[in-house]
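So the chains spell out like this:
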Amino acid sequence: MENRIAIVTGANRGIGKETAMALAMKKYTVVMACRNLAQAEIVCTEIKSRSANHQVFAYELDLSSFDSIRRFGKLFSENFAKLNILINNAGITTQEYVITTDGFEETIQTNSIGPYLLTKMLLPLFPAGEDNRIINLSSDIYKMGNFQIAKLNNYHWVKAYAVSKYAQLLISFKLAGLLKEKGISVNAVHPGVVRTGIMLFNKWYDSIINLILASQYIDEKEGAEPSIFLATSEEMKRVTGKYFKRFTDTKVKPNFRNETLMNKLYDYYELIYSKSVSADK
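Numbering of residues starts from 1 in each chain and follows the order in which that chain's sequence is written. Selection of residues for local features in this predicted model requires a pLDDT of at least 70, selection of side-chain atom pairs for listing and counting requires 80 or more, and totals for whole chains, interfaces and linings are taken over all residues. The side-chain numbers reported here are obtained from all heavy atoms of the structure, hydrogens and water having been left aside.

Caption draft 1: Highlighting the overall build of the chain. Assigned secondary structure in the chain consists of eight helices and ten strands. We compute the radius of gyration from the C-alpha atoms alone; for a globule the expected value is 2.2 Å times N to the 0.38, where N is the number of residues. Radius of gyration (C-alpha) of the chain: 18 Å, near the 19 Å computed for a compact globule of 281 residues. The principal-axis extents of the C-alpha atoms in the chain amount to approximately 45 × 40 × 35 Å. Burial status across the chain gives 56% buried among its 281 residues. Working definition: helices are DSSP H or I runs of at least four residues, strands are E runs of at least two. Numbering for both runs from the N terminus. Buried residues are those whose accessible area, probed at 1.4 Å on protein chains only, stays under 20% of the maximum for their type, while exposed residues exceed 50% and partly exposed ones sit between those limits.

What follows is the structure, given as structure tokens:
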């Protein structure tokens, strides 16, 4: 796909790596945005070799740091004139309760606040008149993620992960409505229960988690397929504001598609973004 440029966050491993590989195979220019730059550069070399596509680049991006997000956005805009595909794939879960240097619980910032700031920063680079798409990785665990904005920093471990994925779903719906007239589609996707280790912690209960999830597990390549489909297929051109469970357009119940909470979350994220921009001046 000549002259189409994609960013994949968290592309140094797991489904992010498989997504970047597939896009490179399709001849997209691919920017791998990764926290572990050394590992990303190794994977970048592998993708170039396997795809015979040398327009693959590894840049550092730590979504738990607003400074890192700003540096990435500046570096990308200096080196690329446009962006067509943004796949907000990177995500974490952790047992530890950690507050970032920006003042937010680490899981919430990495999985939702950070991706919003990144998306907002990159919006001016989506060119008018082209097929532009944003794909946000969510999860069906969002159903455990009811939250209060005033308590976003109070959640931890599984609850924080669920909250972050619910927040991604809500912000996807909000942005889809705001960006539709600009020719930018925004969709959220649950890739399936992927054997990536994100919910494992080298603890005694890992075996119990594996036992519970064993019948649902899919491999990383399968887990990447929905993101690739949403990012590249003609069928998905101009489709926006949807939640996909793998390839299935899935209705979100009204109590979870909460317009009041959605708008409050958007206003809160906009406030964070404006403060972040001011801090950079």
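That was the structure; now back to the text.
Caption draft 2: Main features of the nonpolar core. Nonpolar core, defined: a set of buried Ala, Val, Leu, Ile, Met, Phe, Trp, Tyr and Cys residues in which side-chain atoms within 4.5 Å join the residues together. Core analysis: the largest hydrophobic core is formed by 55 residues, its most contacted members being Ile7, Phe72, Phe76, Leu83 and Phe147. Mapped onto this core, the elements with two or more residues apiece are strand S1 (5-9), strand S2 (29-34), helix H3 (66-79), helix H4 (106-122), helix H5 (157-179), strand S6 (184-190) and helix H8 (259-279). Broken down by element, this core gets its largest block of residues, eleven residues, from H5. Contact partners of leucine 83, with chain neighbours within four places excluded, come to Ile5, Ala6, Ile7, Phe76, Leu122, Leu125, Phe126, Pro127 and Asn132. Grouped together as the second largest cluster of nonpolar side chains are 30 residues, Ala20, Leu23, Cys34 and Cys44 included. Whether two residues touch is decided by their heavy atoms; if any such pair falls within 4.5 Å, the residues are in contact.

Caption draft 3: Structural context of helix H1 (residues 14-25). Residue count minus one, scaled by 1.5 Å, sets the expected span of a helix. Between the first and last C-alpha of H1 there are 17 Å, a value that for twelve residues agrees with the 16 Å anticipated at 1.5 Å per step. Counting buried residues along H1, ten of its twelve residues qualify, which places the element largely inside the surrounding structure. Buried residues of H1: Gly14, Ile15, Gly16, Lys17, Thr19, Ala20, Met21, Ala22, Leu23 and Ala24, and no others. Positioned one or two residues after H1, lysine 27 has a phi angle of 70 degrees, which is positive.

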